[in-house]
Amino acid sequence: MSSIPWPFRNAQGIASSLKTGVSERVRQWARKRQGSDASTTRLGPGRVYILPTGVGIVFGLMAFAMLLGSMNYNNNLSFVLTFILVGVGFVSMHQCQRNLVGLELSFSGAEPVYAGQSMRFGIAVTNHSRNARHGMRLYCDGALSEIEDLQPGESRIFVLSVPTTERGWVKLERFGIRTLFPFELFRAWAWLHMDVTGLVYPQPAAQAPDPPPTMVAHGHRQHDARGEEDFAGLRKYHEGDSPRHVAWKAFARSGQLLSKQFAGADTSSQWFDFDEIASVDVEQRLSILTRWIVDADRTLEDYGLRVPGAEFEPAHGEAHRRACLEALALFDEVSG
Amino acid sequence: MARPRGTDGSLLASLPWTLGALGLSVAPHVPYLPAWITFAFFGCAVWRYLIEKRRRPLPSAWFRAALALACFLGVLITYSSISGVGPGSALLAVMASLKLLETRKRRDQFVLLFISIFLVMSSLLREQYLWSLPYMLGAVTVIMTAWLRMSASPIESAKQSFAIGGRLLLYAAPLALAMWIFFPRLATPFWAVPIDSSRATTGLSDTMSPGDISSLSLSNEVAFRVSFDNQIPDGPDRYWRGLVLTTFNGRSWTGREPAISTTARDQIVTTGDPISYEITLEPTRQQWVFALDMPVMWSLSKTFMGPQQQLARSLPIDQRVAYKAISHPEYRVEADLPEVYRNWYSNLPADSNQRSATLAREMRAAATSDQAFINAVLRKFNEEEYYYTLEPPPLGSNPVDRFLFDTRSGFCEHYASAFAVMMRSVGIPSRVVLGYQGGEINPLGGHLIVRQSDAHAWTEVWLEGVGWQRVDPTAAVAPERIDYGASGAALEGLGDAWGLSAPSELLHRLSLSIDALNAKWNEWILGYGPENQQNFMKWLGMDDPNWRKMMLTLIGVVVSLVMLISVLLMLRYRPPARDEASILYQRFVKKTGLEPIAGETAIEFGRRAKEADALPDDVIALITEAYVDARYGPYREPAFERLKVAVGSIS
């Protein structure tokens, strides 16, 4: 913007706001007309919109100029050329629209992410037809997918990568599918309003106080006859771990100190308690809890979570982590 | 602002096609383009391709700007104008070369393809041969393929793009045809732009100076074609009147600029039967319009008859034109010629060609009448040692004297000039007519071909009570020239030169069949103008065709064709028929040898087939599952494919 001289900046601003205003109105009209879509939606001919592109407008002007030239010279061969181009224009308009009609779209899920990361919404597009469809692209506000072709019968997942800022549910109000095929003379598109949602966990705090001390459950301690336990896995070396348990071979390979974990060994568990964090800001507390959970999960330690209204017994594993993080993501002080 | 100049080979999939499209569209211009532009274009094309292939950077902006300036100056200097087809196409070729050197992104190629289309268009304005149409269609196919290659996915092969482009063009073809037929043709252009002035013209010259040019070029180029409504007149009657030369200055004959005469047409009194025919005249860039002696009606617009019954158009004939005409081989013109005109038509410069004048006066004195004198002169040419040759010696000053008394050899111009001078010497009004004589009948097309080599000069003399009468002195010297025509003689000479007659005969036949095709091409495709269109509309059953009706028909036909195409496309994208799955499944049922029970599901039947050990268990399981999925599953098409393979494996 800075390169535009000032008298025009305003004009450009007005023009662009006018443009976004009009297109927003059209979108709202389409939303009202179409209603919300089922989780699997087949595109009917009535909801595929089409307009010429810039190239298409230039192409049309060229064809018009050629028509005038042909008329002026009464040249029948250039009439042939002109009319072939006009015919190509008509055909590509219909080809472009037909390229979308009959496609089936469904939401294929989105992996939860931490706030600040991009939410990758997966939309499965299926071509239930005898012929390939070309140049498909999904888009939404702020994101564009790759351009892909769909072979007959093929189902492909297009990813819309939307940046996130806040924890909680994020909903894709609207996304579109569009194509410029065959000659980029026309752009055909369809808007979809499906229930496309993803969960955003709080952002792990960059600097967090040390987690509360680990409590060792002594009751679990039992040596077998050989005096050793079954090897269960590796975890990050903590100060105080027995040097006997350091995985020296792994250290030689990766340069990272790891301790061997043994089943039946001491199980240490931690309680992460919302109320015990000395901070006034709820979001910051959630952020700190997230950090602790992420770290604890990495070290394979058992941890429990206590937030107002919910409590998760110490455990570890994917399901536990998800449950805890979801509770943090959806934490609501009032209801909690 | 420094834009990135590096290339990464990402254009390799589309650039060869774009270059091919440009090459195809520049090629027809090459004969007309200055050599440096051709060289610059093909040089830039190869250079750009190598840059992409070796992933080198593009030339710098400074270099390109300097090159652009040099090229535009070059075009200006070469053509000294930038309007018209010649400089226009040169500019397009230059623009394409320059644009190539800054094409870095895929979308930059759009500009190149637009230029390509304009180049094809301008080549069509310049020449419309029989092969121009297939060539243009080929070029358009390549352009459209290049267009698709620009945005094609990297895994799509060029062959696939070509197939898609071809299919879309095939859909567009009936639309184009309908628009071509019904789009109303205008009789007059909006504005006149020179098509191309660089090409040399072949045609008749406006002056005749026998002896100045010592040989006549024997161009086999077609001057015009004629199709007669009824019978083709005999060789000696085929005199195609062009322009009339009335003034002799001792060396050259000149005529007047084309001018309208309001009385010329009325001076023709016809007897006998008319001959009606249609002439397709090749562009001459002159105003003269040719017709069989003596024309009384013609359909060409803006065409008038001059004072000496010559036809001319107010605009030069820049493009091929077709017109109908009616002529009377038997006619009488200007039976009464006023004294002043009689003197004017027998005017000779005082001090030239004295010997010829003296000879004429002596011969007139010996003859009883003007007609007897004319016959005596013709007899002299016929009986004395006068020769017909296309390569006579030059004549210098007093050419008529030198020709009549010394060289005694020449072609039509020499005889016509000498004859007219002799007539004028004794006060008989006379003039020279330039046109064509003869023509070759093409048995395949049923038309007459008149070539440049059929160009001819003859005389008209005015006799009391008879009016203007055609006299062809060449006929007295070389009757075969009149009987068989010039082109026949020329072709015979060609065969003799090769020492073979059979191949030349074969070649001649081949050239005749190409000519017949060309004639039809000119008549039906290139000559589809307002008149032909009206006739065609009437033939289609449209009464009183006008542009409004044609436009409405055009819209109607195009709309229905577009709907048809839409339906075709819908069918293209319909799901595979489910019945095909049933047919495949029935084949499997037959193979098991079991009788299906009414109401039994595929899964139940599969279980039964397994128990009966009709086929290996895994095959039964695979087919059953694929069939159920193909009919009821969410992803039917892949399941259908699996079913096809599985059933294929057991049968």
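Here the structure is a predicted model, which is why all the values come from computation and not from measurement.

## A look at the overall build of chain B
Each helix and strand in chain B was counted, giving 22 helices and 20 strands. In terms of overall size, chain B is more extended than a compact globule, its C-alpha atoms giving a radius of gyration of 37 Å where 651 residues would be expected to give roughly 26 Å. On the principal axes, the C-alpha backbone points of chain B span a range of 130 × 70 × 55 Å. Counting only residues that meet the buried cut, chain B has 37% of its 651 residues in that class. Put simply, 74% of the contacts in chain B that link residues at least 6 apart link residues at least 24 apart.

## Describing the interface of chain B and chain A
At the junction of the two partners, chain B supplies 53 residues and chain A supplies 44 residues. For the side of chain B that touches chain A, the elements supplying multiple residues, two or more each, are α5 (109-126), α6 (132-151), α7 (158-182), α16 (502-526), α18 (547-572) and α22 (636-650) of chain B. When residues in the side of chain B that touches chain A are grouped by element, the largest group, ten residues, is from α7(B). Classifying every residue of the side of chain B that touches chain A gives 40 nonpolar, six polar and seven charged.

## Digging into the sheet that holds strand β2 (residues 222-228) of chain B
Residue and element names in this part refer to chain B. Read from one edge of the open sheet, six strands run β9-β12-β6-β2-β18-β17, paired in antiparallel fashion. Here the strands that pair on one side only, and so sit at the sheet edges, are β9 (295-298) and β17 (440-442). Taking each pair of neighbouring strands and ignoring which way they run, the sheet shows an average axis angle of 30 degrees. Where strand β6 (residues 275-281) lies against strand β12 (residues 321-327), seven bridges are found, and the strand directions are antiparallel.

## Re the nonpolar core
One broad trend across soluble globular proteins is that nonpolar side chains are buried collectively. In this structure, A:Leu81, B:Ala93 and B:Ile143 are the most contacted members of the largest nonpolar core, which totals 129 residues. No other element matches the 13 residues that helix α3 (residues 76-98) of chain A contributes to this core. Residues contacting B:Ile143, with those up to four places away along its chain left out, are B:Ala21, B:Leu113, B:Ser116 and B:Ile117. Membership of the second largest hydrophobic core comes to 74 residues, among which are B:Phe304, B:Leu311, B:Ile449 and B:Ala475.

## Thoughts on the environment of B:Met297
Its location among the elements puts B:Met297 in strand β9. The spacing of B:Met297 and B:Trp240 is 57 residues in sequence and 14 Å in space, taken between C-alpha atoms.

## Looking at the sheet that holds strand β7 (residues 288-289) of chain B
Residue and element names in this part refer to chain B. Read from one edge of the open sheet, three strands run β7-β11-β10, paired in antiparallel fashion. Each end of this open sheet is capped by a strand with a single partner; those strands are β7 and β10 (303-305). Here β7 pairs with strand β11 (residues 311-313) via two bridges, running antiparallel. Counted as the bridge partner of Trp288 is Ala312 from β11.

## Brief notes about the domain arrangement of chain B
Split into domains, chain B comes out as domain 1 (15-156), domain 2 (207-498) and domain 3 (578-650). Taken over C-alpha atoms, the centre of domain 2 of chain B sits 90 Å from the centre of domain 3 of chain B.

## Brief notes about the domain arrangement of chain A
Residues and elements named next belong to chain A. Segmenting chain A into domains produces domain 1 (1-35), domain 2 (36-201) and domain 3 (215-329). Counting from both sides, the interface comprises five residues of domain 2 and, opposite them, six residues of domain 3. No other element matches the three residues that strand β13 (residues 196-201) contributes to the side of domain 2 that touches domain 3. For the side of domain 2 that touches domain 3, the per-class residue count stands at three nonpolar, one polar and one charged.

## Considerations on helix α2 (residues 54-73) of chain A
Here α2(A) contains 20 residues, and its C-alpha end-to-end distance of 29 Å stays within 8% of the 28 Å for a straight helix at 1.5 Å per residue. Every buried residue belonging to α2(A) is among A:Gly56, A:Phe59, A:Ala63, A:Met66, A:Gly69, A:Ser70 and A:Tyr73, and all of these are buried. For α2(A), the angular spread of buried residues about the axis comes to 135 degrees, placing them on one side. For α2(A), the exposed residues set more than 90 degrees away from the buried face come down to A:Gly54, A:Ile57, A:Leu61 and A:Phe64. Against β2 (49-52), α3 and β12 (186-192) of chain A together with α5 of chain B lie the buried residues of α2(A). Note on α2(A): the residue one or two positions beyond its end, A:Asn74, has a positive phi of about 50 degrees.

Here is what the cut-offs are and how they apply
Residues numbered from 1 in each chain as written. Chains lettered and ligands numbered in written order. Predicted model: local features only at pLDDT ≥ 70, side-chain atom pairs only at ≥ 80, totals over all residues. Helix = DSSP H or I, 4+ residues; strand = E, 2+ residues; numbered from the N terminus. Rg over C-alpha atoms; globule rule 2.2 N^0.38 Å. Buried ≥ 20, exposed ≤ 12 C-beta atoms within 10 Å, placed from the backbone. Contact = placed C-beta atoms within 7 Å. Nonpolar A, V, L, I, M, F, W, Y, C, P; charged D, E, K, R; others polar. Pairing = 2+ DSSP bridges. Axes fitted to C-alpha atoms, helices over the stretch in contact; angles between N-to-C directions. Core = buried A, V, L, I, M, F, W, Y, C linked by C-beta atoms within 7 Å. Domains from an automatic or database assignment. Expected span 1.5 Å × (residues − 1). Arc of directions from axis to C-beta.

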